[in-house]
Amino acid sequence: MGGRPVRSVLDELGMDPDTVLVIRAGELVTRETRLEEADEIEVRPVISGGVG
Amino acid sequence: MKCNRCRGSAVVEVRRHNAAYCKGCFVHVFREQVKRAIKQHDMVRIDDRILVAVSGGKDSLALWDVLLELGYDAAGLYLGLGIGDYSGRSGEVTKAFAAGRGAELIVIDLERDYGFDIPTAGRKGSRSTCAVCGLSKRYVFNRAALEGGFDVIATGHNLDDEAATLLGNTLRWQTGYMARQSPALPGKDGMVKKVKPLFRLSELETAAYAFLRGIDYVVEECPLVAGNTQLRYKDAMNAIEARSPGTKAQFFLGYLERGRPLFTAADDAELSACERCGQPTTGRFCAFCRARAQVVGERLGAPMEDRDVASELADEVMPAEIYGGSP
């Protein structure tokens with residue numbers, strides 16, 4: 001199986017997978033999804049600091 | 001990764017449940033969790049009028065969406081905080097959401113309706129920006145719900161919010177706050193019932209739900225919140241959760257079941273009417289009126305010349321714009 005798993009990319013970026021959405025081509029992907037070189041992803045934080 | 005329910009291709013992983021779901025199944029499971037929370041804590045009845053506190057962020061818009069989808073009579077309340085472009089964008093997405101669903105939206109603006117904004121209050125008052133923002137929201141939401149005849153206020157607090165708040169309260173042993181930290185606080189003495197139907201769902205799940213439902217929400221964090229204590233507690237909880245998935249849920253849900261009853265017994269706070277506005281408070285003046293007086297330069301210490309003035313202030317109609325829907 002080619003490509004690199006999302007988990008590995010997040011590890012390299014020092015990001016906790018439970019604190020971000022990863023979006024590829026307008027779709028959510030999981031940590032196990034494999035990314036190809038040409039793929040562009042958005043890593044969107046989910047943490048908010050407000051209390052309501 | 002396969003969906004636990006239908007074996008299709010998963011798009012969301014929920015590690016604390018060791019589960020993953022496709023889009024359709026995730027939306028279903030998310031709504032089931034909200035239904036379970038509502039039933040477990042008797043949060044709302046189908047004929048209740050619900051006022052949803054909406055900030056334009058993922059949690060409150062996801063909550064509003066679920067309540068509307070489940071058939072509840074849920075109006076939104078947006079409070080303009082005066083935080084520059086951030087507030088502008090938050091108001092826009094909230095109005096667009098309401099318009100798209102034909103839902104009623106009440107808009108209140110702190111500067112227009114109360115004479116101050118949050119950045120000014122943070123600079124001039126003695127409380128932190130986040131503290132004065134939080135107390136202003138609680139005050140305005142309660143007052144608007146009372147004046148609008150709503151049965152219950154619903155907020156978008158999620159599991160991460162609640163776990164971080166409980167951690168903070170525990171670290172300082174704020175037993176009164178701990179006693180009152182509940183997914184459903186009954187109404188009493190001028191306080192409208194408050195519920196948090198998302199308390200069983202993590203921040204990742206509310207964000208995924210909002211995304212999968214195509215909800216346009218404000219992703220950017222409030223520019224004034226950087227480094228606040230709530231974020232530090234979330235970081236700490238996330239560090240533990242990363243190594244031990246499920247810890248947050250055990251901490252908060254376990255507290256509700258086994259810890260909170262011990263603190264509730266010790267909570268004997270008595271509420272009376274604020275002499276300035278009539279809203280419930282444990283002191284002579286409520287925290288909102290004290291904070292506002294500091295910012296706008298009003299003296300609260302002097303006795304009111306006439307109690308009628310206080311009741312007039314309490315009875316004054318709250319300015320509000322109504323967008324869409326039926327009033």
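Let us now look at the domain arrangement of chain B. Residues and elements named next belong to chain B. Taken as a whole, chain B is organised into domain 1 (41-262) and domain 2 (272-312). Each of domain 1 and domain 2 was reduced to a C-alpha centroid, and the two centroids are 25 Å apart. Buried area between domain 1 and domain 2, both sides added, is near 1,300 Å², and the carbon and sulfur share of it is 67%. Taken as a group, Phe116, Arg127 and Tyr139 account for 38% of the area that domain 1 buries against domain 2, more than any other trio of residues on that side. At the surface where domain 1 touches domain 2, the tally comes to zero salt bridges.

What follows concerns the packing of aromatic side chains. All names here are of chain B. Taken as a whole and assessed by the stated rule, the structure comprises nine aromatic pairs over all chains. Aromatic pair Tyr139 and Phe288: ring centres 3.9 Å apart, planes at 10°, arrangement stacked. Of this pair, Tyr139 sits in helix 6 (residues 129-148) while Phe288 sits in helix 12 (residues 287-296); the two residues are 149 residues apart in sequence, bridging distant segments of the chain. Residue Tyr139 shares its accessibility class with Phe288, and that shared class is buried.

This part takes up the interface of chain A and chain B. Counting from both sides, the interface comprises 23 residues of chain A and, opposite them, 28 residues of chain B. With both sides pooled, the region where chain A packs onto chain B buries about 2,200 Å², and carbon together with sulfur makes up 57% of that total. Counting the contacts that link chain A with chain B gives two salt bridges. Ionic pairing is found between Glu13(B) and Arg31(A), a salt bridge with its closest N-O pair at 2.7 Å. Linking chain A to chain B there are four residue pairs in polar contact (both at pLDDT 80 or more). Ranked by residue count, the leading element in the side of chain A that touches chain B is strand 2 (residues 20-24) of chain A, at three residues. Partitioned by chemical class, the residues of the side of chain A that touches chain B number ten nonpolar, seven polar and six charged.

Definitions and cut-offs
- Residues numbered from 1 in each chain as written.
- Chains lettered and ligands numbered in written order.
- Predicted model: local features only at pLDDT ≥ 70, side-chain atom pairs only at ≥ 80, totals over all residues.
- Heavy atoms only, no water.
- Domains from an automatic or database assignment.
- Buried area = accessible area lost by both parts, 1.4 Å probe.
- Salt bridge = Lys/Arg side-chain N within 4 Å of Asp/Glu carboxyl O.
- Phe/Tyr/Trp six-rings, centres within 6.5 Å; stacked < 30°, edge-to-face > 60°.
- Helix = DSSP H or I, 4+ residues; strand = E, 2+ residues; numbered from the N terminus.
- Buried < 20%, exposed > 50% of the residue type's maximum accessible area, 1.4 Å probe, protein only.
- Contact = heavy atoms within 4.5 Å.
- Polar contact = N/O pair within 3.5 Å; in protein donor to acceptor, adjacent residues only side chain to side chain.
- Nonpolar A, V, L, I, M, F, W, Y, C, P; charged D, E, K, R; others polar.

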